[in-house]
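# A structural walkthrough
Listed below, chain by chain, are the residues.
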Amino acid sequence: WTVQRTQLLGTSDNSVGGIAGSSPTDVWAVGDFLPDAATSNQDATLSFAEHYNGSKWTVVRTPNTGPNFDSFYGVTASRGQAWAVGERLNSQYQDRALIETWNGKKWSIADNPQPGSVRDMLFGASALSPSDVWVVGDQESRHGVFETLAEHWNGTRWTVVPTPDPGSSGNHLYAVDAVSPDDVWAAGQQLGGQAPDNGLVEHWDGHTWSVVALPSSTSASVMLDGIAATASGQVWVAGEADSPAQGGRPLIEYYSGGAWQTASLPVSAGSVWTNLWGITVTGGTAWAVGTYVDPKTDNNNTLILRGDDAVWTVDSGPEPGSGSNILGGITAIDGQLWAAGIYDDGGSEMPLIEHR
């Protein structure tokens, strides 16, 4: 793993967490930044994107939709185009789902549905082609209950595609991975009437979305933030299991042959506060990234895991910051690995991009 040299926008926080690319010479990392111009709202983040052309990373300006707040949480790419997703605050301070599209020359704001009467947010994206793109997140109704949200781009327009909501108290989708037009997977969390809450996995078969049952958690609340699937029917999900007794622990579950297995992770995978934010697969090996709290310093350190359904090991990665170092997303492009996050060196947050 090596740290990539990135470009900064302004002198305040620059953060990335989503990363994707069409090729090793066409990679995007997205997130947000705090503007430092005298005429800007220096308390409201704006959307942020960096591009790698095979030799260097360069900031590419993205449009911002309103006076308050814009942020990207996920990105996907296909054939030189890209789609970044997140949220924005409108003039009434309502969260609205944000999709921006790169057409090879510039970023533009998409006209996408906003089905939630109170709010809509998007966290994950996956593209099979420039005319087959999925984005997922959640929506909140006027009753204050969150429901899953999936939207699809067919090359002409964005539409909401109905998704199940098995949790009685709320449901969220945080990640999506499209294998083919009739094989798309999404992961998140479902909330019941009482703790603990459970992870949520849903599958698109080309006609409808359905819930794929996971092992129920009896002692820890499960949140799934990343998902990776293969054409051979294997699926990995990554996230965390939180309990009052053990704190936050990393969690990876593996699906094959119609059954789920919980991966046995090494003890050195983190402290009592650990999160896995992203997962990808390349060459038959799965890779997951996140962060753990170092009890000696109280800083967040990067966490990189590699493995298969049974055997997982910690992979050592660089930590350029003297303070916290966090990885929030990972992608595989033609056998190469790219991870994105943030680090701090005693000042503002800086974009952290690592390559293997």
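For the structure, see preceding data.
Residues numbered from 1 in each chain as written. Predicted model: local features only at pLDDT ≥ 70, side-chain atom pairs only at ≥ 80, totals over all residues. Heavy atoms only, no water.

## Points about the sheet that holds strand β18 (residues 221-229)
Pairing in this open sheet of four strands is antiparallel, and the strands run β18-β19-β20-β21 from one edge to the other. Single-partner strands in this sheet number two, and they are β18 and β21 (259-262). The sheet shows a mean angle of 25° between the axes of neighbouring strands, direction not considered. Alignment of strand β20 (residues 247-256) against β21, held across four bridges, turns out to be antiparallel. Looking at the pairing, Y255 lines up with W260 of β21. (Pairing = 2+ DSSP bridges. Helix = DSSP H or I, 4+ residues; strand = E, 2+ residues; numbered from the N terminus. Axes fitted to C-alpha atoms, helices over the stretch in contact; angles between N-to-C directions.)

## Digging into the packing of aromatic side chains
Using the criterion set out here, one finds 18 aromatic pairs in the structure. Seen from their ring centres, F33 and F48 are 6.1 Å apart, and the 55° between their planes marks the pair as tilted. With a gap of 15 residues between them, F33 in strand β3 (residues 26-33) and F48 in strand β4 (residues 46-52) connect regions that are remote in the sequence. The exposure class of F33 is buried, given its relative accessible area of 6%. (Phe/Tyr/Trp six-rings, centres within 6.5 Å; stacked < 30°, edge-to-face > 60°. Buried < 20%, exposed > 50% of the residue type's maximum accessible area, 1.4 Å probe, protein only.)

## Considerations on the pattern of salt bridges
Evaluation of the coordinates by the stated rule reveals five salt bridges. Between R96 and D120 there is a salt bridge, and its shortest N-O distance comes to 3.2 Å. With R96 in strand β8 (residues 95-102) and D120 in strand β10 (residues 119-129), this residue pair connects regions lying 24 residues apart in the sequence. In terms of burial, R96 and D120 fall into one category: buried. (Salt bridge = Lys/Arg side-chain N within 4 Å of Asp/Glu carboxyl O.)

## Concerning the sheet that holds β10
Strand order in this open sheet of four strands is β10-β11-β12-β13, and the pairing throughout is antiparallel. Looking at strand neighbours, the two that pair on one side only are β10 and β13 (158-160), the edges of this open sheet. Each neighbouring strand pair of the sheet contributes to a mean axis angle of 25°, computed without reference to strand direction. Relative to strand β12 (residues 146-153), strand β11 (residues 132-140) runs antiparallel, the two sharing eight bridges. Each bridged residue has a counterpart across the sheet, and for G137 the counterpart in β12 is L149.

## A closer look at the nonpolar core
What tends to happen in soluble globular proteins is that the nonpolar side chains get buried as a cluster. Within the largest apolar cluster, 17 residues are counted, with the highest numbers of intra-cluster contacts made by W185, V201, L224, I227, V235, V237 and W260. Contributing elements (two or more residues each) for this core: β15 (183-191), β18, β19 (235-243) and β20. In terms of residue count, the dominant contributor to this core is β18 (four residues). When neighbours within four sequence positions are excluded, W260 is seen to be in contact with V201, V212, A213, L214, P215, V235, V237, E253, Y254 and Y255. Within the second largest apolar cluster, 15 residues are counted, among which are F48, Y52, W338 and I353. (Core = buried A, V, L, I, M, F, W, Y, C linked by side-chain atoms within 4.5 Å. Contact = heavy atoms within 4.5 Å.)

## Here's the deal with the side chain of T45
Residue position: T45 is located in the loop between β3 and β4. Judged by relative accessible area, T45 falls into the buried class, the value being 15%. Leave out the neighbours within four places in its chain, and T45 touches D32, F33, L34, N68, F69, D70 and S71.

## Side note on the environment of N14
Here N14 lies in strand β2 (residues 14-23). Taking the C-alpha atoms as reference points, N14 and L352, 338 residues apart in sequence, are found 9.4 Å from one another. Setting aside anything within four residues of it in sequence, one finds N14 in contact with L8, L9, D32, F33, F48, I342, E349, M350 and P351. In terms of polar contacts, N14 uses its side chain to reach the backbone amide nitrogen of L9, at 2.7 Å. Within the local environment of N14, its side chain forms a polar contact with the backbone oxygen of S12, the two atoms lying 2.9 Å apart. (Polar contact = N/O pair within 3.5 Å; in protein donor to acceptor, adjacent residues only side chain to side chain.)

## Section: the side chain of E87
By the secondary structure assignment, E87 is in strand β7 (residues 81-89). Lacking a salt bridge, the buried E87 has R119 as its closest oppositely charged neighbour, with an N-O distance of 6.5 Å. (Lys, Arg positive; Asp, Glu negative; His and termini not counted.)

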